[in-house]
Amino acid sequence: MQLTAPATPRPGTRTRTRDADGMAVASFILGLLGLLVFNVFLGPTAIVLAAASLWRGTARKGRAYLGMGLGVADLLVLVALMQIDSTLSWSF
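Because the structure is predicted, anything quoted here is derived from the model rather than measured. (Residues numbered from 1 in each chain as written. Predicted model: local features only at pLDDT ≥ 70, side-chain atom pairs only at ≥ 80, totals over all residues. Heavy atoms only, no water.)

**Q** Talk me through helix α3 (residues 61-85); I want residue IDs and the actual numbers.
**A** The terminal C-alpha atoms of α3 lie 36 Å apart, and with 25 residues this matches the ideal 36 Å at 1.5 Å per residue to within 8%. The set of residues buried in α3 consists of Ala64, Gly67, Leu70, Gly71, Asp74 and Leu78. Once α3 ends, the next one or two residues include Ser86, with phi positive near 55°. (Helix = DSSP H or I, 4+ residues; strand = E, 2+ residues; numbered from the N terminus. Expected span 1.5 Å × (residues − 1). Buried < 20%, exposed > 50% of the residue type's maximum accessible area, 1.4 Å probe, protein only.)

**Q** Help me get a handle on the packing of helix α2 (residues 39-55) against α3, residues and values and all.
**A** Where α2 contacts α3, the axes come no closer than 8 Å and their chain directions differ by 155°. One way to sum up the angle between α2 and α3 is to call them roughly antiparallel. Crossing hand, α2 versus α3: left-handed. Counted together, Asn39, Val40, Leu42, Gly43, Pro44, Ala46, Ile47, Ala50, Ala51, Ser53 and Leu54 of α2 and Lys61, Ala64, Tyr65, Gly67, Met68, Gly71, Val72, Asp74, Leu75, Val77 and Leu78 of α3 form the full contact between these two elements. Each residue belonging to the contact of α2 with α3 can be placed in one class, and the counts come to 15 nonpolar, five polar and two charged. (Axes fitted to C-alpha atoms, helices over the stretch in contact; angles between N-to-C directions. Parallel < 35°, antiparallel > 145°, perpendicular 65-115°, else oblique. Left-handed = near helix turned anticlockwise from the far one by under 90°. Contact = heavy atoms within 4.5 Å. Nonpolar A, V, L, I, M, F, W, Y, C, P; charged D, E, K, R; others polar.)

This is the structure in structure tokens:
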């Protein structure tokens, strides 16, 4: 009778998932902050981080989708305020 070792995950899989989870949370936070300040920079950053975390297989898919949605909302707010002010940026 031959005993085999239990299957172990590939090296680096746990680190990769943890990094993806961190990116999902970061995209959510940046998307939320982008609604208030620097939405021209934080919106696209939130979208890219959310897409990267989903591509890497995050366990926090809801957080990543919220970050992506907030990033898109940041850009929509920017466009709306640019139309109101008729400028390239907006201010309070």
